[in-house]
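# Residue-level structure breakdown
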Amino acid sequence: MANWIDTTFYVFDKAILNFYHNLAVSCGGFLTPVMRFISLLGTHGIFMIVLGVILWFFSKTRKIATSALISMLIGFLITNLILKNAVARLRPYTHVEFAQWWQLVGAPVEKDLSFPSGHVTVVASFITGAFAVSKNKKYTFLLFLCVIVMGVSRNYLMVHYPSDVLGGVLSGVVSGIIGGLITKLIYNKFINEKQTKFANFYKSFSLIKKKQK
């Protein structure tokens, strides 16, 4: 599978990586710390998990947080446990053709396999899951720009092929759709229609208590 992806997307991947290499050269490395910081936000999904947990503690954003966190879990299973091992694609910097480009941007090392991008999966699954259950689609949709930014950072740092990023977007979107459906099912079956202590606690608990008049 890895050989097929390498061959099929070779022209596409090389053209885009070459663009980012030229960008790094023309900027004199100015963008490298920025890209490393952006990439750090997606490492192991820690930032997104913390954000999801914080949102869960507020009643107005609890459904969004639930969907986003479930979607991230599904994305982790699909990308990190299934696809990466099944495809077994090596990182761009393991190839002589891209090794010098990788060294130019600081030679960041990633321990796992390349396809699809786990960082992009994390962001795409979180945002798609949130979008799937959000009432305000207009503003939630703008968050998909974060997926693009994360993908750019991974390509700029030469730790992923552009086709890895596309794979991460696809995996994340599918995970988000599934997570959204599961969340809606949970709400319909156990939260909205049930008058249980758990359902009442789940709906009413909030870090911000409304003042009684």
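My aim in this report is to walk through the structure given alongside it, one point at a time.

## Observations regarding the packing of aromatic side chains
Counted under the stated rule, the structure contains ten aromatic pairs. Ring geometry for phenylalanine 9 versus phenylalanine 12: centroids 6.4 Å apart, planes at 65 degrees, classification edge-to-face. Ring pairs connect the aromatic residues Trp4, Phe9 and Phe12, which therefore count as one cluster. Across the ring face of tyrosine 187, the terminal group of lysine 63 is positioned such that the distance to the ring centre comes to 4.9 Å.

## Focus on helix H7 (residues 118–133)
Owing to its 3.6 residues per turn, the α-helix aligns residues three or four sequence positions apart on the same side. Taking 1.5 Å of rise per residue, the 16 residues of H7 would be expected to cover 22 Å, and the 23 Å separating its terminal C-alpha atoms lies within 8% of that figure. Among the 16 residues of H7, 15 are classified as buried, and the element is accordingly described as predominantly covered. For H7, the capping residue at the N-terminal end is serine 117, with a side-chain oxygen 3.2 Å from the backbone nitrogen of valine 120.

## Structural notes on the nonpolar core
Counting residues in hydrophobic clusters, the biggest one holds 27 residues, and the most contacted among them are Leu17, Val105, Phe126, Val147, Tyr156, Leu157 and Met158. Those elements that provide at least two residues to this core are helix H2 (10–26), helix H3 (32–40), helix H5 (62–87), helix H6 (96–104), H7 and helix H9 (145–156). A per-element tally of this core places H7 first, with six residues. Once you skip the residues sitting within four places of it in the chain, valine 147 turns out to touch Val120, Val123, Ala124, Ile127 and Val169.

## What about the pattern of salt bridges?
With the rule as written, the count across this model stands at seven salt bridges. Taking the shortest distance from any N to any O, the salt bridge between aspartate 13 and arginine 89 comes out at 3.1 Å. Of this pair, aspartate 13 sits in helix H2 while arginine 89 sits in the loop between H5 and H6, placing them 76 residues apart in sequence. Assigned by exposure class, aspartate 13 and arginine 89 land together as buried. Salt bridges sharing common partners tie together Asp6, Asp13, Arg89 and Asp164.

## Some thoughts on the side chain of aspartate 164
By the secondary structure assignment, aspartate 164 is in helix H10 (residues 162–191). Looking at aspartate 164, the relative accessible area reads 0%, which means it is buried. In this structure the side chain of aspartate 164 is engaged in a polar contact, spanning 2.8 Å, whose partner is the side chain of arginine 89. In contact with aspartate 164, other than residues within four places in its own chain, are Arg89, Ser114, Phe115, Pro116 and Ser117.

Calculation rules
- Residues numbered from 1 in each chain as written.
- Predicted model: local features only at pLDDT ≥ 70, side-chain atom pairs only at ≥ 80, totals over all residues.
- Heavy atoms only, no water.
- Phe/Tyr/Trp six-rings, centres within 6.5 Å; stacked < 30°, edge-to-face > 60°.
- Lys NZ or Arg CZ within 6 Å of the ring centre and 35° of its normal.
- Helix = DSSP H or I, 4+ residues; strand = E, 2+ residues; numbered from the N terminus.
- Expected span 1.5 Å × (residues − 1).
- Buried < 20%, exposed > 50% of the residue type's maximum accessible area, 1.4 Å probe, protein only.
- Polar contact = N/O pair within 3.5 Å; in protein donor to acceptor, adjacent residues only side chain to side chain.
- Core = buried A, V, L, I, M, F, W, Y, C linked by side-chain atoms within 4.5 Å.
- Contact = heavy atoms within 4.5 Å.
- Salt bridge = Lys/Arg side-chain N within 4 Å of Asp/Glu carboxyl O.

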